[in-house]
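Examination of the molecular architecture
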Amino acid sequence: FNTTQDNKPLIHATPPEGWMNDPNGLWYDSKDELYHMYYQYNPNDTVWALPIVWGHKTSKNLTIWDDAGIAMAPTDTITGFYSGSVVVDYNNTSGFFNSSTDPRQRAVAIYTYNTPEAEVQCVAYSLDGGYSFIQYESNPVLSNNSTQFRDPKVIWHEESQKWIMTVAKTQEYKVAIYSSSDLKDWTLESEVEKVGVLGYQYECPGLAKISLPDVVLESGSNNKTIPNSSSSKDAWVLFISINPGAPQGGSYVEYFIGDFNGTVFTPFSRETQALDDGKDYYAFQTFFNSPDNSTLGVAWASNWQYGQYVPTYPWRSSMSLVRNLTLEYFQANPESKILKLKSQPVIDYDCFTSNSDVIKFSNLSSLSTLDSIYSFSNSSEGILEFNLTWSVNSSSYDNHDFADLSLKLRGGLNPFEYLRLGYLANVNSFFIDRGHSTNNWVNENPFYTNKLSVNLQPFDYVNDEISTYKVYGIIDRNIMELYFNDGFQVSTNTFFFGDYNYISSVELSVGKDGVFDIQEFSVRQLHL
Ligand code: FRU
């Protein structure tokens, strides 16, 4: 066990000590220009336990998160304030506010109160800009005698001038949609039932309106996920978290693109699409009031299969980076384009000092089986980013070759600890290997999948024989986020070395000459 805070991510939100899971109540305060994030928090231990409370973080730039203590907590030890959301009630529809609270700071939390008897939905309001909440005296506002009814996410539906809540009837595989004019009286409008991968249960649903791309597709484009007669400029995206039962094991987030008329959500396709292909991305939620109509969101960067056992102490888990989501058409294979969410990390580079160690590898077109190695100075703080763009000449290898491009990112103290990433041309897949660690836990935990793959599509079909791929990677101590082809595919994974989690050298190698052409490979450490 690493008993220091050394491996704790710096630009990913973490608990001060103790346990963190789902992001809750994400909202943007446009008065103080401040982002708020609450989260499922157990300050007393590094595992999930009742009474779970709402921890609180704030950020000016979505890169550095300040701790803001505990925003709300149950008054006994056998219940929990489970996941939920926050809205800004500008027009005081709830009647909770008077003129002394600026309209831009009228935060109302809608969350699940978990008791041994039932899960019910409650509301609480804040008179101090989101730092503390007062419970509504007539709670709960919504209940249905079930122990499996949770995670309300509320949005403002402009078109019908109503609040809309999505909430999970988890083990019936239903997302119930309720409407309200005052955040207190809720009316059931419809239910979305059994879409996508079901797994054991649905959790943390959410709806977001996202603009459709302008591009008009050529006719005859053969994909169901594209609305054929839609005149609308926007689509609606329904997010659902599944646990356990994810394609990659354990927990994951799937999404459905469709229409929402204020009453019913109609998906264009009921097929699952993963928001992230990695093992550590769950309970995604969007911000209320994201600036400029953007869709910003955060996920818990862990997996219920092993999240409570990972070798960190005295804290466990972090969030992902904040991502900006847009909808675009994606060439899934040579025959089909599909409408897909594209994820871009939100990073404020002004947070970093300018003395970052930047390396641009050049002249790699003739990269041979000889490695190209670079070692950083030892002053790393553990944040590193890289860009790798390569193309594959498919006429230069055959099935018997092991034609891989491989990038090793080695740890600081022990050269046998490294992350290995790369692409194996023969099988059209990107690989991620996080198993080269001296930490026994990594090798012994039965669910901490060491080897992961991403079914990577070329972002540009140059011609029949040459395809181009790219990946942007950001590593923050014990978490790595990989964005492929400008964010059409993402893979988020934690990793744990035995000694020292910081990457101190990188090396690139190929398994066979003449297959890969490296257009770009640049790496830099970032210093706060
Ligand atoms: C998802 C979840 C939610 C629940 C919360 C409890 O990770 O199980 O459904 O509200 O965690 O902490």
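Residues numbered from 1 in each chain as written. Predicted model: local features only at pLDDT ≥ 70, side-chain atom pairs only at ≥ 80, totals over all residues. Heavy atoms only, no water.

Remarks on the overall build of the protein
The helix and strand inventory of the protein stands at one helix and 35 strands. Taken over the C-alpha atoms alone, the protein extends approximately 70 × 60 × 40 Å along its principal axes. With 528 residues in all, the protein has 60% of them scored as buried. For the protein, the accessible area works out to roughly 20300 Å², and carbon and sulfur atoms hold 45% of it. Taking the average location of the 33 positive side-chain charges in the protein and that of its 61 negative ones, the two points are 2 Å from each other. (Helix = DSSP H or I, 4+ residues; strand = E, 2+ residues; numbered from the N terminus. Buried < 20%, exposed > 50% of the residue type's maximum accessible area, 1.4 Å probe, protein only. Areas by Shrake-Rupley, 256 points an atom, 1.4 Å probe, with all protein chains shown as cover. Lys, Arg positive; Asp, Glu negative; His and termini not counted. Charge placed at Lys NZ, Arg CZ, Asp CG, Glu CD.)

Describing the domain arrangement of the protein
By the assigned domains, the protein splits into domain 1 (18–345) and domain 2 (352–526). Each of domain 1 and domain 2 has a C-alpha centre, and the two are 32 Å apart. If you look at the interface, domain 1 gives 35 residues, while domain 2 gives 28 residues. Between domain 1 and domain 2 lies a buried interface of about 2500 Å² when both sides are counted; carbon and sulfur atoms form 58% of it. When the area that domain 1 buries against domain 2 is broken down by residue, the three leading residues are Asp277, Pro311 and Phe330, summing to 20%. Here domain 1 is connected to domain 2 by two salt bridges. Arg434 is the partner of Asp280 in a salt bridge, and the nearest nitrogen-oxygen pair spans 3.1 Å. Inspection of the region where domain 1 meets domain 2 yields 19 residue pairs in polar contact (both at pLDDT 80 or more). Among the elements of the structure, strand S21 (323–331) and strand S22 (337–345) are those that each provide at least two residues to the side of domain 1 that touches domain 2. Among the elements that make up the side of domain 1 that touches domain 2, the one with the highest residue count is S22 (six residues). Here the side of domain 1 that touches domain 2 is composed, by residue class, of 16 nonpolar, eleven polar and eight charged. (Domains from an automatic or database assignment. Contact = heavy atoms within 4.5 Å. Buried area = accessible area lost by both parts, 1.4 Å probe. Salt bridge = Lys/Arg side-chain N within 4 Å of Asp/Glu carboxyl O. Polar contact = N/O pair within 3.5 Å; in protein donor to acceptor, adjacent residues only side chain to side chain. Nonpolar A, V, L, I, M, F, W, Y, C, P; charged D, E, K, R; others polar.)

Looking at the sheet that holds strand S18 (residues 282–286)
One key point about sheets: their strands pair by backbone hydrogen bonds, in either a parallel or an antiparallel sense. Pairing in this open sheet of four strands is antiparallel, and the strands run S18-S19-S21-S22 from one edge to the other. Edge positions in the sheet fall to S18 and S22, since each of these pairs with one other strand and no more. Strand after strand, the sheet turns through a mean of 45° between neighbouring axes, direction not considered. Sheet topology places S21 next to S22; nine bridges connect them, and they run antiparallel. Looking at the pairing, Gln331 lines up with Lys337 of S22. (Pairing = 2+ DSSP bridges. Axes fitted to C-alpha atoms, helices over the stretch in contact; angles between N-to-C directions.)

Things to note about the side chain of Asp151
Mapped onto the secondary structure, Asp151 falls in strand S9 (residues 150–157). Buried and without a salt bridge, Asp151 has Arg150 as its closest oppositely charged side chain, separated by 4.1 Å. Beyond its immediate stretch of four places on either side in the chain, Asp151 contacts Ser83, Thr112, Gln121, Thr166, Val167, Glu203, Cys204 and Pro205.

Topic: the site of the ligand
Around the ligand, a shell composed of Asn21, Asp22, Gln40, Trp48, Tyr82, Ser83, Arg150, Asp151, Glu203, Tyr282 and Trp304 is seen. Interatomic distance of 2.8 Å between a side-chain N/O atom of Arg150 and an oxygen atom of the ligand. One of the side-chain nitrogen or oxygen atoms of Glu203 is found 2.9 Å away from an oxygen atom of the ligand. Here the ligand, which alone exposes 310 Å², has 95% of that area covered by the protein. Of the residues belonging to the shell around the ligand, the class tally is four nonpolar, three polar and four charged. (Near = heavy atom within 4 Å.)

Some words on the sheet that holds strand S3 (residues 53–59)
Taking strand neighbours across the sheet as the criterion, the five strands line up as S4-S3-S2-S1-S20 in an open arrangement whose pairing is mixed. Each end of this open sheet is capped by a strand with a single partner; those strands are strand S4 (66–72) and strand S20 (315–316). Sheet topology note: the strand S1 (residues 18–29)/S20 ladder contains two bridges and is parallel. Bridge pairing links Trp19 to Arg316 in S20.

Re the pattern of salt bridges
Evaluation of the coordinates by the stated rule reveals 19 salt bridges. A salt bridge links Glu481 to Arg323; its shortest N-O distance comes to 2.9 Å. With a gap of 158 residues between them, Glu481 in strand S32 (residues 479–484) and Arg323 in strand S21 connect regions that are remote in the sequence. Exposure class is identical for Glu481 and Arg323. Each is buried. With a closest N to O distance of 3.2 Å, Asp486 and Lys470 form a salt bridge. Separated by 16 residues along the polypeptide, Asp486 in the loop between S32 and strand S33 (489–494) and Lys470 in strand S31 (residues 466–476) bring together distant segments of the chain. Put simply, Lys169, Glu172, Lys174 and Glu191 are held in one network by salt bridges that share partners.

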